[in-house]
Amino acid sequence: MADAKVIPFDDDRSRAGAGQRPAGRRGPSGRRTGGPAGSAGDVAAVGDVQPLQALAAAREEEAVSTADSAEDRPGSPGAGGGAGTADGPASALERRIASGLSFLRRRVTGEYDVDDFGYDAELTDQVLMSLLRPVYEKYFRVEVKGVENIPKEGGALIVANHSGTLPLDGLMMQVAVHDHHPAGRHLRLLAADLVFVLPVVNELARKLGHTLACAEDAERLLEQGELVGVMPEGFKGIGKPFGERYKLQRFGRGGFVSTALRQGVPIVPCSIVGAEEIYPMIGNAKTLARLLGFPYFPLTPTFPWLGPLGLVPLPTKWTIQFGEPIPTDGYPPEAAEDPMLMFNLTDQVREQIQHTLYKLLVQRRSVFF
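Residues numbered from 1 in each chain as written. Predicted model: local features only at pLDDT ≥ 70, side-chain atom pairs only at ≥ 80, totals over all residues. Heavy atoms only, no water.

A.B. asks: For the packing of aromatic side chains, give the residues involved together with the corresponding values.
C.D. replies: With the rule as written, the count across this model stands at four aromatic pairs. Ring centres of Tyr 139 and Phe 140 lie 5.2 Å apart, and the angle between their planes is 75°; this geometry places the pair in the edge-to-face category. Ring geometry for Phe 297 against Phe 303: centres 5.8 Å apart, planes inclined by 40°, an arrangement best described as tilted. Taken together, the aromatic side chains of Tyr 139, Phe 140 and Trp 318 make up a single cluster linked through ring pairs. A cation sits over an aromatic face here: Arg 245 above Phe 242, 4.1 Å from the ring centre. (Phe/Tyr/Trp six-rings, centres within 6.5 Å; stacked < 30°, edge-to-face > 60°. Lys NZ or Arg CZ within 6 Å of the ring centre and 35° of its normal.)

As structure tokens, this is what we get:
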């Protein structure tokens, strides 16, 4: 059987050892279920699982029963009482406790689903997004514009600029789509190989729905009707000096355009302002980077001079704007192999992102406020 042709999104990466998908078993729904208790990235059972399972189930049943009985008491919201009664907050708390115990039981027993890429929707919604949301809302105070340009259903490719020394911009874009899109859609990011060889980071990235930045995985997700996010600048974007902030680097070889053309999905340009200043990169220790196997080793005003404290990003004010979608469904099937068309579409996406960046920078009154 001939090898599948893979078009990389970035030409400065090696895919060695990064394309393996996590093992698992398929549940009744046909999706892969989580591994046994104690697998990496999940809640591990201590000792015998059965006592913990029985305890969680009993507490869950008790909390649900209490909440249901509270609804039947006079004055409770479920019994026709008005909002703000004494039983209202207690009933809500009891239901949250019941939901939490049910979630814990499923994690301990492995009764949860993940897809073929390792995406765990329940863990993402209930835990990981809850951890990222305070950073998004309180620390970076992200303002979102144009989210209505993202389709309500079906596949679409979101293409964004990349910056900030560490790839926090991708995570903030994922929260923006999850929390502000009218349909509550999930964004599946295409990440560099380095993400999937780092311990812990690999597991968390898979749980959040990220996968390898290659045409094969991107096409599978788009074919399934997923939103896919890609940052074609790659390491050239997040590792550029502070003096070149908000100047887009080369967009690879246009592999993302070819993927969109094959699937006939729209391309949504996305411009992110604020990420460039969280770690102002004033230098690059290239020798140390080669020794550690990193694409670059940043030197900032705080790192490595302040040690671990230097890893804390500056609290800049962010703006994320999604532009008008660029349709691709009007092109013939052979258009994906036309290098001139790919170049023109790639340049169109890049110019639209760059133009929006300049416009947002002119409108910005302060980096931090």
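A.B. asks: Lay out the pattern of salt bridges with the relevant residues and their values.
C.D. replies: Two side chains carrying opposite charge are able to pair once their charged atoms lie near each other. Considering all chains together, one arrives at 14 salt bridges under this definition. Glu 122 is the salt-bridge partner of Arg 106, the closest N and O atoms lying 2.4 Å from each other. A residue pair is termed long-range when its members are at least 10 positions apart, and Arg 106 in helix 2 (residues 87-109) and Glu 122 in helix 3 (residues 121-139) qualify at 16 residues. With respect to class, Arg 106 is no different from Glu 122; both count as buried. Here Arg 262 and Glu 337 are joined by a salt bridge, their closest N and O atoms 2.7 Å apart. One end of the pair, Arg 262, is in helix 8 (residues 255-263); the other, Glu 337, is in the loop between strand 12 (319-322) and helix 10 (339-363), and 75 residues separate them in sequence. Overall, Arg 262 belongs to the partly exposed group, its relative accessible area being 31%. Here the salt bridges share partners, and the residues they tie into one network are Arg 106, Arg 107, Asp 120 and Glu 122. (Salt bridge = Lys/Arg side-chain N within 4 Å of Asp/Glu carboxyl O. Helix = DSSP H or I, 4+ residues; strand = E, 2+ residues; numbered from the N terminus. Buried < 20%, exposed > 50% of the residue type's maximum accessible area, 1.4 Å probe, protein only.)

A.B. asks: Explain the nonpolar core residue by residue, including any values.
C.D. replies: The tendency in soluble globular proteins is for nonpolar side chains to be buried as a group. If you look at the biggest cluster of nonpolar residues, it comprises 33 residues, and the most contacted ones within it are Ile 158, Met 173, Ile 272 and Phe 322. Elements with a contribution of two residues or more to this core: helix 3, strand 5 (156-160), helix 4 (168-180), strand 6 (187-191), strand 9 (267-273) and strand 12. Take this core: its biggest share by element is six residues, from helix 4. Discounting residues that sit within four places of it in the chain, Ile 158 has contacts with Ile 150, Met 173, Val 177, Leu 187, Val 228, Gly 229, Val 230, Val 268, Cys 270 and Phe 322. If you look at the next biggest cluster of nonpolar residues, it comprises 30 residues, including Leu 221, Val 228, Leu 248 and Phe 251. (Core = buried A, V, L, I, M, F, W, Y, C linked by side-chain atoms within 4.5 Å. Contact = heavy atoms within 4.5 Å.)

A.B. asks: Please set out the environment of Asn 161 residue by residue, giving values where relevant.
C.D. replies: Considering the arrangement of structural elements, one finds Asn 161 in the loop between strand 5 and helix 4. For Asn 161, a relative accessible area of 2% puts it in the buried group. Taking the C-alpha atoms as reference, Asn 161 lies 5.8 Å from Met 231; in sequence the two are 70 residues apart. In this structure the side chain of Asn 161 is engaged in a polar contact, spanning 2.8 Å, whose partner is the backbone nitrogen of Ile 272. (Polar contact = N/O pair within 3.5 Å; in protein donor to acceptor, adjacent residues only side chain to side chain.)

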